[in-house]
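# Geometric and topological summary
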Amino acid sequence: MKSFIVMLVLFFTIFFIISRAEEKAEQRFNENTLDKDYLIVRELSETTLDSLLRDRNGKILLLNVWATWCMPCREEFPDLVKLAKSYDANMVDIVGISADFPDEIDSKIVPFLKEQEVNFPNFVQNFEKQEDFINRLNEEWQGALPATFIYDSSGNQQRYLLGKQSYNSLRRAIEEVKRDF
Amino acid sequence: MSNILNPVSIRSIMVLFIFLLFSISSQAGELKKAENFTLKDYKGKSHSLTDYSDSKAVILMFIATRCPISNAYNPRIVKLYDDYHNKNVVFIGINSNKLEDVEEVAEHAQKNKFMFPVLKDPNNVIADKYDAQVTPEVFVLNSNLEILYHGRIDDSQREDDVKTNDLRNALDEMLAGKSVSNKEIKAFGCTIKRVNK
C-alpha cells in the first residue's frame, strides 16, 4: 500500500512537471507565431497549423489562403486589411497563408504585404505535400485561390468561402460564427 | 471485462467490421462516371466526348488564358501532347472562365502552339457538371467515360522543382493496362471565374 502511494505521488509529480513544460512551450509558441511585426513571414508546417487551430484562447480565427500570382487574391487583400482593422484583435484572429514558395518571402511576399500596409500575421505554406495542406483545411477544397476558412473559438471550422470575398461577406460570416457557435 | 464484451456486442462489432470492410472495398473498386457533353472549340467545331470512344483515354484540361499557374504549364502541356497523342490519347482543353472570350482563347492557343482543340464553355456549364474549380485541373477518362484520374498535372508550378509527374504516371499506368494508383491529387491554382447564377 505504501509503495502504491509513493508511486501515485511520483506519477502526479511527473505529470505536473510535463504539463507545466508543455504549457510554457505553448506560450512561447504563441508569442512567436502570431508575431506583432507583420512583415515577418514564417513558414507554416503541419505542426504550426495544428497549433494555430488548437490554441484558440476563445478567439474566432479567419484563415485566408492567397498568393502573389493570384489576381483575385490581390484584389481581395485590402478588404482583409479593412476587416482586421474593424475587429478587436482579442476577439478575432485574422491570419493569411501565402501559397507562394518559401524562397519568395523577401522577393514577392513581403513587398506585397508592405504595399498593402498589412495589419495581420501571414505565413507561407511549407507542407511537404501541397495536397496535405489543402485537405487539412478542407477535404472539399480543390486548391483554388483565394479561399477563406473561419473557425469558431473551439477551433472547429464553420465556414469555407471559395473565391474572392468582399469586406461585407467576410464580416457577415464572422458575425454568424460568433452568434451561432 | 466479460460484461463489456458480451456475445451481443461481439456480434455487433463483427457486423460493423464486415460492413466497414465491404464499404471500403466497394469504394476502392468503383470509378466515378463522367457525363458526355458537346461544346464548340475556338474554330467553331463541335466536339462531344462520345466522338472519341475509340481512343484509349481522353484528357480534359481546364485551362485559362490569364492564370499565371495555368500559363506556367503551357510548355508542359505541349510536351505531354507530343509524347502521348500518338498513343491514342486525346487531349482537349476547356476554358470556362467568364472573362476569357473565344477570341482570347483562340489567340492564346495559337500563341502557345496548342495542337489540340480548346473548347469554350459558355456560362461554365461543364465546369459545374465536373465540379472543376481550378486551372489547371485535369480529368483522364477512359472510353466508358469513367474518371481514371482527376487533379494536378504534377507537383510543382515550377518545372525545375517537379518531383512527381502525376498525370504522366496515370497515363503510363493506364497504357500499361494497370489501374491508376493515385486517382485524385489536388494542387493550388486559380479559381475558375464563374458567371453569377
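Because the structure is predicted, anything quoted here is derived from the model rather than measured.

### Quick word on the interface of chain B and chain A
Contact residues are listed per partner, giving 18 residues for chain B and 24 residues for chain A. Summing the contributions of chain B and of chain A, the shared interface buries around 1,900 Å²; its carbon and sulfur component is 55%. Where chain B meets chain A, there are 2 salt bridges. Note that aspartate 103 of chain A and arginine 158 of chain B form a salt bridge whose closest N and O atoms lie 2.8 Å from each other. Here chain B and chain A share 12 residue pairs in polar contact (both at pLDDT 80 or more) between them. Of all the secondary-structure elements, those providing two or more residues to the side of chain B that touches chain A are helix H2 (68–72), strand S9 (184–185) and strand S10 (189–191) of chain B. Considering every element that reaches the side of chain B that touches chain A, the biggest residue donor is S10 of chain B, with 3 residues. Considered class by class, the residues forming the side of chain B that touches chain A number 7 nonpolar, 6 polar and 5 charged. Relative to S10 of chain B, strand S5 (residues 144–145) of chain A is paired through 2 bridges, and the arrangement is parallel. Paired with alanine 144 of chain A across the bridge in S10 of chain B is glycine 189 of chain B.

### A look at the nonpolar core
Leu63, Phe133, Trp141 and Leu145 of chain A are the most contacted members of the largest nonpolar core, which has 86 residues in total. Excluding residues that lie within four positions of it along the chain, leucine 145 of chain A makes contacts with Val65, Trp66, Ala67, Trp69, Cys70, Cys73 and Ala99 of chain A together with Phe188, Gly189, Cys190 and Thr191 of chain B. Membership of the second largest hydrophobic core comes to 21 residues, among which are Leu119, Ile126, Tyr130 and Leu141 of chain B.

### Topic: the sheet that holds S10 of chain B
With mixed pairing, the 3 strands of this open sheet are ordered in space as S5(A)-S10(B)-S6(B). Whereas interior strands pair on both sides, the edge strands pair on one side only; in this sheet they are S5 of chain A together with strand S6 (134–135) of chain B. Relative to S10 of chain B, S6 of chain B is paired through 2 bridges, and the arrangement is antiparallel. Note on S10 of chain B: the bridge partner recorded for threonine 135 of chain B is cysteine 190 of chain B.

### A short note on the confidence of the model for chain B
Do not read the predicted coordinates in detail wherever pLDDT is low. The predicted model of chain B has a mean per-residue pLDDT of 90, with 85% of residues at 70 or higher. If you check the scores for this complex, the pTM reads 0.81 and the ipTM reads 0.78.

### Re the packing of helix H3 (residues 71–86) of chain A against helix H6 (residues 167–180) of chain A
Residue and element names in this part refer to chain A. Interhelical geometry of H3 versus H6 gives an angle of 45 degrees and a closest axis separation of 9 Å. Classed by the angle they form, the pair H3 and H6 counts as oblique. Here H3 and H6 pass one another in a crossing that is right-handed. Seen from H3, the contacting residues are Asp79, Leu80, Lys82, Leu83 and Ser86; seen from H6, they are Tyr167, Leu170, Arg171 and Ile174. Classifying every residue of the contact of H3 with H6 by side-chain character gives 5 nonpolar, 1 polar and 3 charged.

### Here we look at the packing of aromatic side chains
Two aromatic rings are characterised by how far apart their centres lie and by the angle between their planes. All names here are of chain B. Applying the stated criterion across every chain yields a total of 17 aromatic pairs over all chains. Seen from their ring centres, tyrosine 81 and phenylalanine 116 are 5.8 Å apart, and the 50 degrees between their planes marks the pair as tilted. A residue pair is termed long-range when its members are at least 10 positions apart, and tyrosine 81 in helix H3 (residues 74–84) and phenylalanine 116 in the loop between helix H4 (102–111) and strand S5 (118–120) qualify at 35 residues. You can call tyrosine 81 buried: its relative accessible area is 15%. Here the aromatic rings of phenylalanine 91 and phenylalanine 116 are separated by 6.4 Å at their centres, their planes lie at 35 degrees, and the arrangement is tilted.

### What to know about the state of the cysteines
All told, the structure shown has 2 disulfides over all chains when counted by the stated rule. For cysteine 70 of chain A, the disulfide goes to cysteine 73 of chain A, at an S-S distance of 2.1 Å. On the sign convention where negative means left-handed, the S-S torsion of about 80 degrees between cysteine 70 of chain A and cysteine 73 of chain A marks this disulfide as right-handed. Across this residue pair, the class does not change: cysteine 70 of chain A and cysteine 73 of chain A are buried. Here cysteine 67 of chain B pairs with cysteine 190 of chain B through a disulfide, and the sulfurs are 2.0 Å apart. The sign of the 75 degrees torsion about the S-S bond sets the cysteine 67 of chain B-cysteine 190 of chain B disulfide as right-handed. Linking cysteine 67 of chain B in the loop between strand S3 (57–62) and H2 with cysteine 190 of chain B in strand S10, this pair joins segments that are 123 residues apart in sequence. In this pair, the class of cysteine 67 of chain B matches that of cysteine 190 of chain B, namely buried.

Reading the values: the criteria
- Residues numbered from 1 in each chain as written.
- Chains lettered and ligands numbered in written order.
- Predicted model: local features only at pLDDT ≥ 70, side-chain atom pairs only at ≥ 80, totals over all residues.
- Heavy atoms only, no water.
- Contact = heavy atoms within 4.5 Å.
- Buried area = accessible area lost by both parts, 1.4 Å probe.
- Salt bridge = Lys/Arg side-chain N within 4 Å of Asp/Glu carboxyl O.
- Polar contact = N/O pair within 3.5 Å; in protein donor to acceptor, adjacent residues only side chain to side chain.
- Helix = DSSP H or I, 4+ residues; strand = E, 2+ residues; numbered from the N terminus.
- Nonpolar A, V, L, I, M, F, W, Y, C, P; charged D, E, K, R; others polar.
- Pairing = 2+ DSSP bridges.
- Core = buried A, V, L, I, M, F, W, Y, C linked by side-chain atoms within 4.5 Å.
- Buried < 20%, exposed > 50% of the residue type's maximum accessible area, 1.4 Å probe, protein only.
- pLDDT = per-residue confidence, 0-100.
- Axes fitted to C-alpha atoms, helices over the stretch in contact; angles between N-to-C directions.
- Parallel < 35°, antiparallel > 145°, perpendicular 65-115°, else oblique.
- Left-handed = near helix turned anticlockwise from the far one by under 90°.
- Phe/Tyr/Trp six-rings, centres within 6.5 Å; stacked < 30°, edge-to-face > 60°.
- Disulfide = S-S within 2.5 Å.

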